[in-house]
Amino acid sequence: MATQHSRSAARLMMAPAVILLLGWMLVPLTMTLWFSFTRYLPMRGDSIERGLEWVGFENYVRFIGSSSFWPSVQATLMIVGGVLLITVVLGVLLAILLDQPMWGQGIVRILVIAPFFVMPTVSALVWKNMMMDPVNGMFSYIWRFFGADPVSWLSDASVPSIILIVSWQWLPFATLILLTAIQSLDSEQLEAAEMDGAPVLARFWFIVLPHLGRAITIVILIQTIFLLSIFAEIFVTTGGSFGTRTLTYLIFQRVVDSQNIGLGSAGGVYAIILANIVAIFLMRIVGKNLDR
Amino acid sequence: MGRITLDKVRKAFGDVEVIPPLDLTIEDGEFVVFVGPSGCGKSTLLRLIAGLEDVSGGEIRIDGQDATMVPPAKRGLAMVFQSYALYPHMSVRKNIAFPLRMAGLDAAEQERRVKAAADVLNLTDYLDRRPGQLSGGQRQRVAIGRAIVREPAAFLFDEPLSNLDAALRVGMRLEISELHKRLKTTMIYVTHDQVEAMTMADKIVVLRAGHIEQVGSPLELYRAPRNLFVAGFIGSPKMNLIGGAIAKQHDAATIGIRPEHISVSPEAGDWKGRVGVSEHLGSDTFFHVTCEGIGEPVTVRVGGEVDLSYGQTVWLTPDANQLHRFDDKGLRIA
Ligand SMILES: Nc1ncnc2c1ncn2[C@@H]1O[C@H](COP(=O)(O)OP(=O)(O)OP(=O)(O)O)[C@@H](O)[C@H]1O
Ligand SMILES: [Mg+2]
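What you see is a predicted model, and the numbers here were worked out from it, not measured in a lab.

A look at the overall build of chain A
Of the regular secondary structure elements, chain A holds 13 helices and two strands. Computed over its C-alpha atoms, the radius of gyration of chain A comes to 24 Å, more than 25% above the 19 Å expected for a compact globule of 292 residues. Each principal axis of the C-alpha distribution contributes one length, and for chain A these read about 75 × 75 × 30 Å. Considering chain A as a whole, with its 292 residues, one finds that 40% of them fall into the buried category. Restricting to contacts in chain A with at least 6 residues of sequence separation, those with at least 24 account for 66%. As displayed, chain A has an accessible area near 16700 Å², and 73% of this comes from carbon and sulfur atoms. When the 16 basic and 16 acidic side-chain charges of chain A are each reduced to a single mean position, those positions are 10 Å apart.

Focus on the site of ligand 1
All names here are of chain B. In the neighbourhood of ligand 1, the contacting residues comprise Phe13, Val18, Ser38, Gly39, Cys40, Gly41, Lys42, Ser43, Thr44, Glu159 and His192. One of the backbone nitrogen or oxygen atoms of Gly39 is found 2.8 Å away from an oxygen atom of ligand 1. Between an oxygen atom of ligand 1 and a side-chain N or O atom of Thr44, the distance comes to 2.5 Å. For ligand 1, whose free accessible area comes to 630 Å², the fraction covered by protein is 56%. With three residues, helix H1 (residues 42–50) is the single largest residue contributor to the shell around ligand 1. Taken together, the residues of the shell around ligand 1 break down into three nonpolar, six polar and two charged.

As for helix H8 (residues 158–183) of chain A
Residue and element names in this part refer to chain A. Helix length check: H8 (26 residues) gives 37 Å between terminal C-alpha atoms against 38 Å at 1.5 Å per residue, within 8%. Within H8, the axis deviates most sharply at Trp170, by approximately 40 degrees, and proline Pro172 lies no more than four positions further along. Most of H8 sits out of view: 19 of its 26 residues are buried.

What to know about the UniProt feature "domain: ABC transmembrane type-1" (unreviewed entry) in chain A
Per the UniProt annotation, the sites labelled "domain: ABC transmembrane type-1" (unreviewed entry) are residues 73–282 of chain A. As annotated, residues 73–282 of chain A comprises 77% helix and 0% strand, and the C-alpha atoms at either end are separated by 18 Å.

Considerations on the UniProt feature "transmembrane region" (unreviewed entry) in chain A
All names here are of chain A. Under the feature "transmembrane region" (unreviewed entry), the UniProt entry names residues 12–37, 75–98, 110–127, 162–183, 204–232 and 267–286. When the span residues 162–183 is considered, its composition is 100% helix and 0% strand, and the gap between its end C-alpha atoms is 32 Å. Structurally, residues 204–232 is divided into 86% helix and 0% strand, and its ends, taken at the C-alpha atoms, are 37 Å apart.

Quick word on the sheet that holds strand S12 (residues 254–257) of chain B
Residues and elements named next belong to chain B. Here we have three strands laid out as an open sheet, ordered S11-S12-S18, and antiparallel in their pairing. Strand pairing shows two members of the sheet lacking a second neighbour, strand S11 (240–242) and strand S18 (324–326), which therefore form its edges. Across the sheet, the mean angle from the axis of one strand to that of its neighbour is 25 degrees, orientation sign disregarded.

What to know about the pattern of salt bridges
Taken as a whole and judged by the stated rule, the model has 21 salt bridges over all chains. The closest approach of N and O atoms between Asp196 of chain A and Arg150 of chain B, which form a salt bridge, is 3.9 Å. Here Asp196 of chain A, found in the loop between helix H9 (187–195) and helix H10 (200–227), pairs with Arg150 of chain B, found in the loop between helix H4 (136–148) and strand S7 (154–158), and the two come from separate chains. The network of salt bridges with shared partners includes Glu191 of chain A together with Lys11, Arg47 and Glu53 of chain B.

Comments concerning the packing of H8 of chain A against H10 of chain A
Residue and element names in this part refer to chain A. The interhelical angle for the contact between H8 and H10, taken along N-to-C directions, is 145 degrees, at an axis separation of 9 Å. The chirality of how H8 crosses H10 is right-handed. When H8 is examined against H10, the residues Val166, Trp170, Phe173, Ala174, Ile177, Leu178, Ala181 and Ile182 are found in contact with a partner set consisting of Val208, His211, Leu212, Ala215, Ile216, Val219, Ile222, Gln223, Phe226 and Leu227. Class assignment for the residues of the contact of H8 with H10 results in 16 nonpolar, two polar and no charged.

Description of the interface of chain A and chain B
For an interface, size is often stated in terms of accessible area lost upon the parts coming together. On the chain B side, the residues contacting the 17 residues of chain A number 23 residues. Overall, the association of chain A and chain B removes approximately 1700 Å² of surface from exposure, summing both partners, and the carbon and sulfur fraction of that is 62%. Among the residues chain A hides against chain B, the three largest losses belong to Met195, Asp196 and Phe206 of chain A. Together they make up 42% of the total. Counting every contact that joins chain A to chain B gives three salt bridges. The closest approach of N and O atoms between Asp196 of chain A and Arg146 of chain B, which form a salt bridge, is 3.6 Å.

Analysis parameters
- Residues numbered from 1 in each chain as written.
- Chains lettered and ligands numbered in written order.
- Predicted model: local features only at pLDDT ≥ 70, side-chain atom pairs only at ≥ 80, totals over all residues.
- Heavy atoms only, no water.
- Helix = DSSP H or I, 4+ residues; strand = E, 2+ residues; numbered from the N terminus.
- Rg over C-alpha atoms; globule rule 2.2 N^0.38 Å.
- Buried < 20%, exposed > 50% of the residue type's maximum accessible area, 1.4 Å probe, protein only.
- Contact = heavy atoms within 4.5 Å.
- Areas by Shrake-Rupley, 256 points an atom, 1.4 Å probe, with all protein chains shown as cover.
- Lys, Arg positive; Asp, Glu negative; His and termini not counted.
- Charge placed at Lys NZ, Arg CZ, Asp CG, Glu CD.
- Near = heavy atom within 4 Å.
- Polar contact = N/O pair within 3.5 Å; in protein donor to acceptor, adjacent residues only side chain to side chain.
- Nonpolar A, V, L, I, M, F, W, Y, C, P; charged D, E, K, R; others polar.
- Expected span 1.5 Å × (residues − 1).
- Bend = angle between axes of the 7 residues up to and from the residue.
- UniProt positions renumbered as here; feature names shortened; annotations may be inferred.
- Pairing = 2+ DSSP bridges.
- Axes fitted to C-alpha atoms, helices over the stretch in contact; angles between N-to-C directions.
- Salt bridge = Lys/Arg side-chain N within 4 Å of Asp/Glu carboxyl O.
- Left-handed = near helix turned anticlockwise from the far one by under 90°.
- Buried area = accessible area lost by both parts, 1.4 Å probe.

Spelled out as structure tokens, the structure:
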């Protein structure tokens, strides 16, 4: 009974939340846009009260012209892509594994989900000091045990290391979504395929994977949105050096290290554009997958 | 060829024995129907034959070859599931071609066989649709199409019509019977609907709690049910089962008489009773008559339209030649 009356009442009820959300997003967005067109160097005494000097597109040109811009885009895409690949592939495998009836299933499932509850800063610290440390880390012990020289992961293989840490954090999410999707697969379909002469791998390829298609696109979409802005993991481990300076990190450095708010804001606008390109691209794929 | 022999086949899930050792032979080209109440193990038996469940004991032979340990794909049987189990992301054409593709047939041969199957099943116009865009009956036909392209030794159907509405069910029943006449392939068909069993089967296997109660042609089961369970299960409306003094008169613990073998007269007869609810089907009329000395109301079937009013006194006379007698263990007395 969605009458006119109840509908307008519903709008009224939702208004505070909508207004709050809009303000939450619009205010910072407008300020970023505004700053990006001004010279704003707090160290040199610029401030909003005294009025900011309008410089047009100068910040945009400088941000893109800087020698760190393209490498940072590259690093961003590499990390996002790497994490997506690992979480989706391992997520599918883990989901299939967890779907099998086995002893202690409940506990195993909780253990698998656990990393998701660890704060990014904490997990990055744990990985850096307990696992990847070239002297005291777990990996260095393993390497030495086999008589190899320990690798100093975060400097010699910095990008893969970060991908590893972030994948560890996001694997539970992917696994969880994919597991629920696998559980919704009609077992008669698999039995039918078995009777039709499809061996295990063919059943996976022709039945399970297409069934998971939708869940996989959702995992990719949601993860991409969050992965584009990863920060803590880089800040804690490499501090942006050794080729791990992502776009987000570059903006942070421009604003905090170089105290150039105008330039950082211009970078922020580029990041928004990049995120939207990726989002539109993904929405297309997801849309195609969802309206089946 | 498709002669299937079950030799002391047994199935237990954990401690629960669902199917106690069971012997059954299904001849080549036969249409066999497994029928029985819900939970009696029909599906389980079918899945044992298909190889989707492992037997707990005994042997399954297909055409004389021991198939007990042969994986489902290698048994040469095709199954039609109750939920159809079509592959939702594939077109009808790809669904039907799937077993051929898995068998590694070349594209031209696949296409030829899919066309042939689609012709038989009236699916030619729907080949490029997804299963989600089909009606229940069409999905059912796709599932059958996917089974026939493989040219299996036998077809296994698990309640294939239970998701369809009544009218469609009658239509599909005829189509499946016709398919059987044309292909002459062994078919094993599971249902709990005794009308389907009676109309389609060459041979009916009545199951109860995993036991075979009786095996025989529909008319054998109708004419000479071996025990009370089969007597009550086969035939619609149900046979009237009468105990007590009336049964004693016939030297039996229970007597059975089918509704169609009782005549009604307003003047005279063996049993006096009062007419209760009557059901008018047009072609037949069913009366439920409460008789003196008989606990349950007796169902009577009369051809055509007969008007007896509620509460009217009538006399019923069973046809003595059609009377079934059962002893105190529920077994038929010859
Ligand atoms: N995987 C299983 N584990 C344990 N018990 C099972 C399993 N599958 C079936 N059973 C039991 O076996 C018995 C027979 O089941 P089955 O599915 O064969 O019945 P059915 O005759 O097909 O019934 P319906 O007409 O309702 O489909 C039931 O009591 C059921 O609970
Ligand atoms: Mg069943």
